[in-house]
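# Overview (structure and organization)
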Amino acid sequence: MMYTYRELADLLQSHGIADAKTEAAWLICKFCGADRAAILTNGQKKWESAELDAAVRRRCERYPLQYIIGEWEFFGCTFRVSEDCLIPRPDTEILVEEALKILPQNSVICDLCTGSGCIAIALLKARPDLRAMAVELSDTAIKIALENARLNGVDDRLILLCADVLADGVDKLKTLMAQENIASFDVVVSNPPYIPTKDISTLEPELAFEPKMALDGGADGLKFYRSIVKNYTSVIRGGGCMLLEIGADQARDVCALTEREAVVIRDLGGNDRVVRISL
Ligand SMILES: C[S@@+](CC[C@H](N)C(=O)[O-])C[C@H]1O[C@@H](n2cnc3c(N)ncnc32)[C@H](O)[C@@H]1O
């Protein structure tokens, strides 16, 4: 098929894709080797390639653009993404910004449920003085996190641990900390799965292609917060803190899991997005 930029945008829009113009430009750039300026200024030009055809077909099935392209930007860094990991979301950048505001020089951080590694890697890239450990249950996601750490040049400061945050993850983490001479973390960050199980099938079609284990927060969406707040404060130094990304309606429930000081931070859309628990 041959498409002008406008024809492709219209096709994507007719399949329910909200930001169809931007996505049309992304696809033409990636699969016809064009740059954005050439696409926007050559409105009548017809674009075609076998790769573009295949990509458009997939996208019209609501397969995520990020998986089609194979990489995505988060906090100014490029991350490889595949069906093995959650696509990094702009909302999560708030958590990174909050961590950067409070992390003292030479801090050691821990990222629970790291997925693509986007939180830990963005922090390490922004601050060459930091070191990090990151925990993830999916061994395929861990491989992507390692690839992303190398891609962003921070693999020498990141240790990845394949473990279950809900089970013996904290014990394995403590063993690894002892081996690495890390007495405690300055900050524990996490964007855990937090969607209530029954809500997953009601989300936009793209989410059906993302790993279910990256989304499913149990019956009430709070399963991971309960475990993290209960078990992982023991690895944070006095005066340190925990930063947890939350769903927009979860602030009260997450704050109620602790008797410590808990502050809710909103995202740019005015939604509750991060809870900071101070030790
Ligand atoms: C919401 S995703 C967040 C990924 C990444 N931190 C981000 O912000 O894009 C949650 C991650 O938790 C991982 N996960 C699910 N269950 C887990 C468990 N029991 N222990 C450790 N990680 C788990 C998933 O594989 C997924 O990568």
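Below is a summary of the structure that appears in this document. Here, residues in each chain are numbered from 1, in the same order as that chain's written sequence. Selection of residues for local features in this predicted model requires a pLDDT of at least 70, selection of side-chain atom pairs for listing and counting requires 80 or more, and totals for whole chains, interfaces and linings are taken over all residues.

### A short note on the packing of helix α2 (residues 20-32) against helix α4 (residues 50-60)
Test applied: Note on geometry: axes are C-alpha line fits, over the in-contact stretch for helices, and angles between N-to-C directions span 0 to 180 degrees. Helix and strand definitions follow DSSP, with helices as H or I runs of at least four residues and strands as E runs of at least two, each counted in order from the N terminus. Put simply, a crossing is left-handed when the front helix is turned counterclockwise from the back one by less than a right angle, and right-handed when it is turned clockwise. Each residue is represented by a C-beta atom placed from its backbone, and any two residues with such atoms within 7 Å are regarded as in contact. Residue polarity is assigned by list, with Asp, Glu, Lys and Arg as charged and Ala, Val, Leu, Ile, Met, Phe, Trp, Tyr, Cys and Pro as nonpolar; anything else, Gly included, falls into the polar class.
Here α2 crosses α4 at 145°, and the two axes come no closer than 9 Å. Both α2 and α4 take part in a crossing whose hand is right-handed. From α2, E23, L27, I28, F31 and C32 reach across to α4, where they touch E51, L52, A55, V56 and R59. Of the residues that constitute the contact of α2 with α4, the class distribution is seven nonpolar, no polar and three charged.

### Focus: the sheet that holds strand β4 (residues 131-136)
Operational definition: For two strands to pair, DSSP has to find at least two bridges joining them.
Taken in spatial order, the seven strands make up an open sheet running β5-β4-β3-β6-β7-β9-β8, and their pairing is mixed. Of all strands in the sheet, those bounded by a partner on one side alone are β5 (158-162) and β8 (262-266). If you compare each strand with its neighbour and ignore which way they point, the axes differ by 20° on average. As defined by bridge partners, strand β6 (residues 185-190) adjoins strand β7 (residues 236-245) across five bridges and the pair is classed as parallel. If you follow V188 over to β7, its bridge partner there is M242.

### A closer look at the pairing of strand β1 (residues 71-74)
Alignment of β1 against strand β2 (residues 77-80), held across four bridges, turns out to be antiparallel. Bridge pairing in β2 links W72 to F79. In textbook terms, the turn of a hairpin is the stretch between consecutive antiparallel strands, and for β1 and β2 this stretch comprises two residues, one of which, F75, has a positive phi near 50°.

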